[in-house]
Amino acid sequence: MNPRRFLIGTLLAASFAAAAVGAIHIMKLRLRSDDVGARIQRLERSITESKKELDALKRARDQTQDSLQLKQIAGEDLKPPAPEQVTFLRLAPTVTAVVPLKNTASPRVTALNIAFRPTTGQGGNGSR
């Protein structure tokens, strides 16, 4: 056999072997990267889930703190005032005006008098 052909054949066989070994290593590397990628995705999902849970807990805490603050504010508003803040008012007895009753013989006239009486004192504005 010619040494030149032997050298070419050996180099070709070595290059095919190197290509096969490289392809095997690339496939292993891809499998590892897929595993790492899947782990990263699982971690990202768990992080987002824990963030959601944390946000929900923060919202619940804020709501309870707000309700506690509202209860405290309401409790402070419902406390009786200090004795030095209280002023006692003395009201004089009010004198009510006595409306003289008209002696009307007919109930219709009484109804007309009531209907056309001014609305002051009844909460109205004076006009019907």
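Please refer to the structure higher up on the page.
None of these values were measured; they are calculated from a predicted model. The numbering scheme is per chain: residues are counted from 1 as the chain's sequence reads. In keeping with the model being predicted, local features are shown solely for residues with a pLDDT of at least 70 and side-chain atom pairs are shown and tallied solely at 80 or more, while totals for entire chains, interfaces and linings include all residues. For the side-chain quantities, the full set of heavy atoms in the structure was used; hydrogens and water were omitted.

(A) Main features of the overall build of the protein chain. Each helix is a run of DSSP H or I of at least 4 residues and each strand a run of E of at least 2, with the numbering of both proceeding from the N terminus. Across its full length, the protein chain carries 2 helices and 0 strands. Methods summary: accessible areas were calculated by the Shrake-Rupley approach with a probe of 1.4 Å, and residue burial reflects only the protein chains presented. Accessible surface, the protein chain as shown: approximately 12,800 Å² in total, 62% of it carbon and sulfur.

(B) Region of the structure containing the pattern of salt bridges. Only one rule defines a salt bridge in this text: a Lys or Arg side-chain nitrogen within 4 Å of an Asp or Glu carboxyl oxygen. Within the structure shown, the criterion is met by 1 salt bridge. Note that Arg 61 is salt-bridged to Asp 62, the shortest N-O span being 3.4 Å.

(C) Up close: the environment of Thr 48. For Thr 48, the location among the structural elements is in helix α1 (residues 3-78). At a separation of 2.7 Å, a polar atom in the side chain of Thr 48 contacts the main-chain carbonyl oxygen of Arg 45. Each polar contact in these results corresponds to two N or O atoms within 3.5 Å; when the atoms are within protein, one needs to be able to donate a hydrogen and the other to accept it, and residues that are neighboring in sequence are counted only if both atoms are side-chain atoms.

(D) The arrangement of a nonpolar patch on the surface in detail. Together, Ile 8, Leu 12 and Phe 16 make up an exposed nonpolar region whose accessible area comes to about 330 Å². When you line up the elements, Leu 12 lands in helix α1. Residue exposure (1.4 Å probe, protein chains only): buried if accessible area is under 20% of the type maximum, exposed if over 50%, otherwise partly exposed. Assessed through its relative accessible area of 46%, Leu 12 is described here as partly exposed. Any residue with relative accessible area above 30% and no salt bridge may belong to a patch, with like charges joined within 9 Å and the nonpolar Val, Leu, Ile, Met, Phe, Trp and Tyr side chains within 5 Å.

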